[in-house]
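# Summary of structural features
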Amino acid sequence: MNAPRKALFLDRDGVINVEKNYVFRIEDFDFMPGIFELCSTARDSGFRLIVITNQAGIGRGYYTEADYRHLTGWMLTEFSARHIEIDRVYHCPYHPSAGVGQYRRESFDRKPHPGMILKAQKDFDLELSQCVLIGDKDSDIEAGRAAGVGHLVKLIHGAQASADPAMDDLLVFSDLSAARDWLGNTFG
């Protein structure tokens, strides 16, 4: 059987873990309620799991690439312990105005640009029209739209629910359980 040509693209901060601004330590990393169930449903529905994350905290000098790798390794182990394999994690450490030294530059990988998604498309021979992206920021959705991802999902938090109208190509959910239900019903 051929490997699946569809993927679930996940932003990290605000989707996989609770957004706390520049999380880089294990003790500050809290998984979002429902993330493991969502990923399990996606796997059962034939999706690869790919994380795409801006990590401007590296570029700003708040933490190092080694700090990021350490936390990412731990995160992947937590998924593996639940029998969920993440296929790849792509990150962009650059910031065009607040970056320090080599990290102060434009990057096609930094969302809202689609670079990380297009790298994954090439690396895994993905059919982007069959893929799903879940993000909590407009830049996540813009990156997915620019890459041609077929299903865009915005996870909203708290008071944003009534202030963020859905667009024609965008589904909006207030929690990951609702996103999981939609994914399972649509692709399961």
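Check the entry above for the structure.
Report follows, based on the coordinates. Note that the structure is a prediction, hence the values are computed from the model and not measured.

Definitions and limits used
Residues numbered from 1 in each chain as written. Predicted model: local features only at pLDDT ≥ 70, side-chain atom pairs only at ≥ 80, totals over all residues. Heavy atoms only, no water. Salt bridge = Lys/Arg side-chain N within 4 Å of Asp/Glu carboxyl O. Buried < 20%, exposed > 50% of the residue type's maximum accessible area, 1.4 Å probe, protein only. Pairing = 2+ DSSP bridges. Helix = DSSP H or I, 4+ residues; strand = E, 2+ residues; numbered from the N terminus. Axes fitted to C-alpha atoms, helices over the stretch in contact; angles between N-to-C directions. Contact = heavy atoms within 4.5 Å. Lys, Arg positive; Asp, Glu negative; His and termini not counted. Polar contact = N/O pair within 3.5 Å; in protein donor to acceptor, adjacent residues only side chain to side chain.

## Details of the pattern of salt bridges
This model, assessed by the stated rule, comprises 16 salt bridges. Residue glutamate 78 pairs with arginine 82 through a salt bridge whose shortest N-O separation is 3.2 Å. Given a relative accessible area of 22%, glutamate 78 falls into the partly exposed group. Look at the salt bridges and you will find they share partners, linking Asp11, Lys111 and Asp140 into a network.

## Structural notes on the sheet that holds strand β3 (residues 88–92)
The sheet built from six strands is open, its strands ordered β3-β2-β1-β4-β5-β6 with parallel pairing. In this open sheet, the two edge strands, each paired with only one partner strand, are β3 and β6 (170–173). If you compare each strand with its neighbour and ignore which way they point, the axes differ by 20 degrees on average. Here helix α1 (residues 35–44) sits on the sheet and contacts β1 (6–10), β2 (47–54) and β4 (132–135); the angle it forms with β2, its principal contact strand, is near 135 degrees. Running at roughly 155 degrees to β3, helix α3 (residues 65–80) makes contact with β2 and β3 of the sheet.

## Some words on the side chain of lysine 6
Its location among the elements puts lysine 6 in strand β1. It is aspartate 44 that comes nearest to the buried, bridge-free lysine 6 among opposite-charge side chains, at 12 Å. Within polar-contact distance, the side chain of lysine 6 engages the backbone oxygen of serine 45 at 3.0 Å. The residues touching lysine 6, leaving out its near neighbours within four places in the chain, are Ser45, Gly46, Phe47, Arg48, Leu126, Gln130, Cys131 and Phe187.

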